[in-house]
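Residue-level listing of the chains:
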Amino acid sequence: MNPSIFTPDSVGALDGEPWLRAARLASAQVAAAQPWPTAEEEIWRYSCIDDFDPTAYRLDRPTTTITGFTPTSVTEGQWRSVMTEPVDVFAAWNDAFADPIVIRIGRGQTASQPVVIAHHIPAGAAVLPRLVLLAEENAEVTVIERFLGGDHALVVPVLELHAAQSARVRYRSLNDLSSTAWSIA
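Below, the structure is looked at part by part. Just so we're clear, the structure is a prediction, and the values are computed from it rather than from any experiment.

Remarks on the sheet that holds strand β1 (residues 58-59)
So, point 1. One open sheet holds the 4 strands; their spatial order is β1-β5-β8-β11, and the pairing between them is parallel. Two strands in the sheet have a free side with no partner beyond their single neighbour: β1 and β11 (182-183).
So, point 2. Sheet topology places strand β5 (residues 125-127) next to strand β8 (residues 154-155); 2 bridges connect them, and they run parallel. Opposite Val127, over in β8, you have Val155 as the bridge partner.

Following this line, the structure appears as structure tokens:
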């Protein structure tokens, strides 16, 4: 299955540096070649994946607010620095369509307050947030990522976390999505 909104052609409309556009296109091509999951697969056995209709959504972006830290732009070396290959069609979609948020805590630094990232999901939208959290040696940070709203929405988040030696990272994800939303993380 290759829903029309998640095609390699759809990636062409997205912004980004040339390296990011090329990586997105490659990921969209990987996603297009992925088999669609079924309840016969062990990982999906207890889900209702057969009821999921990815054509029911439109691509959109969440309205995201970040407090406690100013994120940096993703660089080629940070993109897919932890998850080097998508593990399924949903991770490949995230690779192709996400606008990554990068939180990098430098060596020996401590974030004095929690970093709170709140994604407000529009109704009827397919959103694919990606957080790249990089904590260098002996860094300390607490990150709270919230997903809010999303009536009849699809949310496919990915967290890439790299904690160097002696880094102390606390991460919490809070799902405050509508009961009509699909969240596949």
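Having seen it, we continue.
Regarding the layout of surface pockets
So, point 1. Here the largest pocket is characterised by a volume of approximately 350 Å³.
So, point 2. Forming the boundary of the largest pocket are 18 residues, of which Trp44, Val87, Asp88, Phe90 and Ala91 lie nearest the centre.
So, point 3. With 3 residues, helix α3 (residues 89-97) is the largest single contributor of residues to the lining of the largest pocket.
So, point 4. A per-class count over the lining of the largest pocket returns 15 nonpolar, 1 polar and 2 charged.

Some details on the packing of helix α2 (residues 18-33) against α3
So, point 1. At a minimum axis separation of 7 Å, α2 and α3 run at an interaxial angle of 160°. Taken together, α2 and α3 sit at an angle that is classed as roughly antiparallel. Considering only the axes of α2 and α3, their crossing is left-handed. Contact with α2, carried on its side by Arg24, Ser27, Ala28, Val30 and Ala31, involves Val89, Ala92, Trp93, Asp95 and Ala96 of α3 and no other residues of that element.

Comments concerning the side chain of Glu145
So, point 1. When you line up the elements, Glu145 lands in strand β7 (residues 140-149).
So, point 2. Of the side chains bearing the opposite charge, Arg130 lies closest to the buried Glu145, which forms no salt bridge; the N-O distance is 10.0 Å.
So, point 3. For Glu145, the side chain forms a polar contact with the side chain of Tyr171, separated by 2.5 Å.
So, point 4. Once you skip the residues sitting within four places of it in the chain, Glu145 turns out to touch Ile117, His119, Leu131, Tyr171, Arg172, Ser173 and Leu174.

Remarks on the packing of aromatic side chains
What characterises a pair of aromatic rings is the spacing of the ring centres plus the angle enclosed by the ring planes.
So, point 1. Under the criterion given, the structure shown has 10 aromatic pairs.
So, point 2. Pairing Phe52 with Trp182 gives two aromatic rings, centres 4.7 Å apart and planes at 55°, and the pair type is tilted. Here Phe52, found in the loop between α2 and β1, pairs with Trp182, found in strand β11; they are 130 residues apart in sequence, far enough to count as distant.
So, point 3. Through successive ring pairs, a cluster of aromatic residues spans Phe6, Trp36, Trp44, Phe52, Tyr57, Phe90, Trp93, Phe97 and Trp182.

Quick notes on the nonpolar core
So, point 1. Membership of the largest hydrophobic core comes to 22 residues, with the highest contact counts inside it found for Phe6, Phe52, Phe90, Trp93, Phe97 and Leu154.
So, point 2. Every element with two or more residues in this core is listed here: α2 and α3.
So, point 3. Looking at which element gives the most residues to this core, the answer is α3, with 6 residues.
So, point 4. Leaving out residues up to four positions away in the same chain, Phe97 has contacts with Ile5, Phe6, Thr7, Ser10, Val11, Leu14, Leu59, Arg61 and Leu128.
So, point 5. By size, the runner-up hydrophobic cluster in this structure holds 13 residues, among which are Ile101, Ile117, Val141 and Val143.

Some details on the pattern of salt bridges
So, point 1. With the rule as written, the count across this model stands at 11 salt bridges.
So, point 2. Between Asp99 and Arg24 there is a salt bridge whose closest N-O contact spans 2.7 Å. Residue Asp99 is located in the loop between α3 and β3 (101-105), and its partner Arg24 is located in helix α2; the two are separated by 75 residues in the primary sequence.
So, point 3. What makes Asp99 partly exposed here is its relative accessible area of 39%.
So, point 4. Of the charged contacts, one joins Arg168 and Glu140 as a salt bridge, the two residues approaching to 3.4 Å between their closest N and O atoms. On the criterion of sequence distance, the pair formed by Arg168 in strand β10 (residues 168-177) and Glu140 in strand β7 is long-range, its members being 28 residues apart.

Criteria and cut-off values
- Residues numbered from 1 in each chain as written.
- Predicted model: local features only at pLDDT ≥ 70, side-chain atom pairs only at ≥ 80, totals over all residues.
- Heavy atoms only, no water.
- Pairing = 2+ DSSP bridges.
- Helix = DSSP H or I, 4+ residues; strand = E, 2+ residues; numbered from the N terminus.
- 1 Å grid on protein atoms, 1.4 Å probe; cavity = no way out; pocket = protein on both sides within 12 Å on 5 of 7 lines; lining within 4 Å.
- Points joined across faces, edges and corners; volume = space filled by probe spheres on them.
- Nonpolar A, V, L, I, M, F, W, Y, C, P; charged D, E, K, R; others polar.
- Axes fitted to C-alpha atoms, helices over the stretch in contact; angles between N-to-C directions.
- Parallel < 35°, antiparallel > 145°, perpendicular 65-115°, else oblique.
- Left-handed = near helix turned anticlockwise from the far one by under 90°.
- Contact = heavy atoms within 4.5 Å.
- Buried < 20%, exposed > 50% of the residue type's maximum accessible area, 1.4 Å probe, protein only.
- Lys, Arg positive; Asp, Glu negative; His and termini not counted.
- Salt bridge = Lys/Arg side-chain N within 4 Å of Asp/Glu carboxyl O.
- Polar contact = N/O pair within 3.5 Å; in protein donor to acceptor, adjacent residues only side chain to side chain.
- Phe/Tyr/Trp six-rings, centres within 6.5 Å; stacked < 30°, edge-to-face > 60°.
- Core = buried A, V, L, I, M, F, W, Y, C linked by side-chain atoms within 4.5 Å.

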